[in-house]
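Structural overview for review
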Amino acid sequence: CMNLSAPFLMQVPPFKAVFTETMPLVDFLFGNETEARTWAETESWDTTDVAFIATRLSLIPSAKSRKRTVVITQGCDPTIVAINGHVTEYPVLTLPKEKLVDTNGAGDAYVGGFLAGLVKGKSIEECCKAGAYAAAEIVQRSGCTFPPKPDFKF
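Now for a description of the structure that goes with this document. (Residues numbered from 1 in each chain as written. Predicted model: local features only at pLDDT ≥ 70, side-chain atom pairs only at ≥ 80, totals over all residues. Heavy atoms only, no water.)

1. A word on the environment of F28
Selection criterion: Under the scheme used here, helices are H or I runs from DSSP no shorter than 4 residues and strands are E runs no shorter than 2 residues, and both carry numbers assigned from the N terminus. Only protein chains enter the accessibility calculation, which uses a 1.4 Å probe. A residue is then buried if its area is under 20% of the maximum for its type, exposed if over 50%, and partly exposed in between. Contact definition: two residues touch when any of their heavy atoms are within 4.5 Å.
Looking at where F28 falls in the secondary structure, it is placed in strand β2 (residues 28-32). Take F28: its relative accessible area is 6%, and that puts it in the buried class. It is 9.6 Å that separates the C-alpha atoms of F28 and L115, two residues lying 87 residues apart in sequence. If we ignore the near neighbours within four places in the chain, the residues touching F28 are C1, M2, R66, T69, F114, L118 and I124.

See below:
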C-alpha cells in the first residue's frame, strides 16, 4: 500500500518519479482530495473531479494481477473508493464543529482503521467504516490520541 502523503511530494520531480515508478506495484493507494488533485495537476489531467482522478489512478497499469484500490478521503465529504475504474462513495462520521479539536493525523488514522479492517478480511465498506471511526476519534483530541477504550466493533 502507498499513501500520497503530501501535495509537495508530487510537485518535486525526484519524489514524483518514485511515486510513478512504484505505482505499478501498489495494491492500495490512499490520499486526500488535495493530494489527488495535485497528482492530476502534475499529470496534466486537466480535472479537479476527485472521483474521476480516483478512477484514473485505479486504472494505471499494474504489475500484478490484483486490481488497485484507490481510497481518497475528503474531510467531512464522503470517501471515494475506486477499484478498476468503478467508483463507490462511503459516508464519514459527521461531527459538530465544536467537537473538532485537531485535524492533524486524521488521514493517517483513517488509513489505520481501514487497514485494520482489511487484515481482518472485512469488506471495503466495513474498512471505510473503521477508517471513518478512527479519523472521527482523532479529530476530537489534541494530538494523535485515542480514548482509553475505543468503542468501535467490526
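2. Description of the sheet that holds strand β5 (residues 86-90)
Quick reminder of the rule: In this description, strands pair whenever DSSP reports at least two bridges between them. The angle between two axes is taken between their N-to-C directions and runs from 0 to 180 degrees, where each axis is a line fitted to C-alpha atoms and a helix contributes only its stretch in contact.
With mixed pairing, 5 strands are arranged side by side in an open sheet as β1-β2-β3-β4-β5. What marks the edges here is a single partner per strand, and that holds for β1 (2-3) and β5. Bridge count for strand β4 (residues 77-83) against β5 is 5 bridges, and the pairing is antiparallel. The residue of β5 that forms the bridge with I80 is E89. In the packing of helix α4 (residues 50-58) onto the sheet, the strands contacted are β2, β3 (69-74), β4 and β5, and the crossing angle to β4 comes to about 25°.

3. Some points on the pattern of salt bridges
Think of it this way: side chains of opposite charge can pair up when their charged atoms draw near. Here is the rule we go by: Salt bridge, as used here, is a side-chain nitrogen of Lys or Arg placed within 4 Å of a carboxyl oxygen of Asp or Glu.
Counted under the stated rule, the structure contains 3 salt bridges. Its salt-bridge partner being K64, residue D27 comes within 3.2 Å of it at the nearest N-O pair. Of this pair, D27 sits in the loop between α2 (13-22) and β2 while K64 sits in the loop between α4 and β3, and the two are 37 residues apart along the sequence. Given a relative accessible area of 15%, D27 falls into the buried group.

4. Section: unusual backbone geometry
Even without a glycine there, the phi angle at D46 is positive, about 55°. Looking at the element boundaries, D46 is found in the loop between α3 (33-42) and α4. Unusually for a residue other than glycine, N84 sits at a positive phi of about 50°.

5. As for α4
One turn of the α-helix equals 3.6 residues, which is why residues spaced by three or four share an orientation. Just so we agree on the cut-off: Contacts described as polar in this section are N or O atom pairs within 3.5 Å, which, within protein, must combine one atom able to donate a hydrogen with one able to accept it, while residues neighboring in sequence count only if both atoms come from side chains.
Residues of α4 that are buried include every one of V50, I53, A54, T55, L57 and S58, and no others. The inward-facing, buried residues of α4 abut β2, α3, β3, β4 and β5. A distance of 3.0 Å separates the backbone nitrogen of A51 from a side-chain oxygen at the start of α4, and that oxygen is part of D49.

6. Observations regarding the pairing of β3
In terms of residue burial, β3 counts as a mostly covered element, since 6 of its 6 residues are buried. In β3, alternate side chains face the same way, and those of T69, V71 and T73 on one face and V70, I72 and Q74 on the other are all buried. As paired strands, β2 and β3 are joined by 5 bridges and run parallel to one another. Considered in β3, the bridge of F30 is made with V71. Of the strand pairs in this sheet, β3 and β4 are connected by 5 bridges, and their pairing is antiparallel. Bridged to V71 within β4 is V81. Between β3 and β4, which pair antiparallel in sequence order, lie 2 residues; one of them, G75, sits at a positive phi of approximately 60°.

Fair warning: the whole summary comes from geometry, so function is off the table for now.
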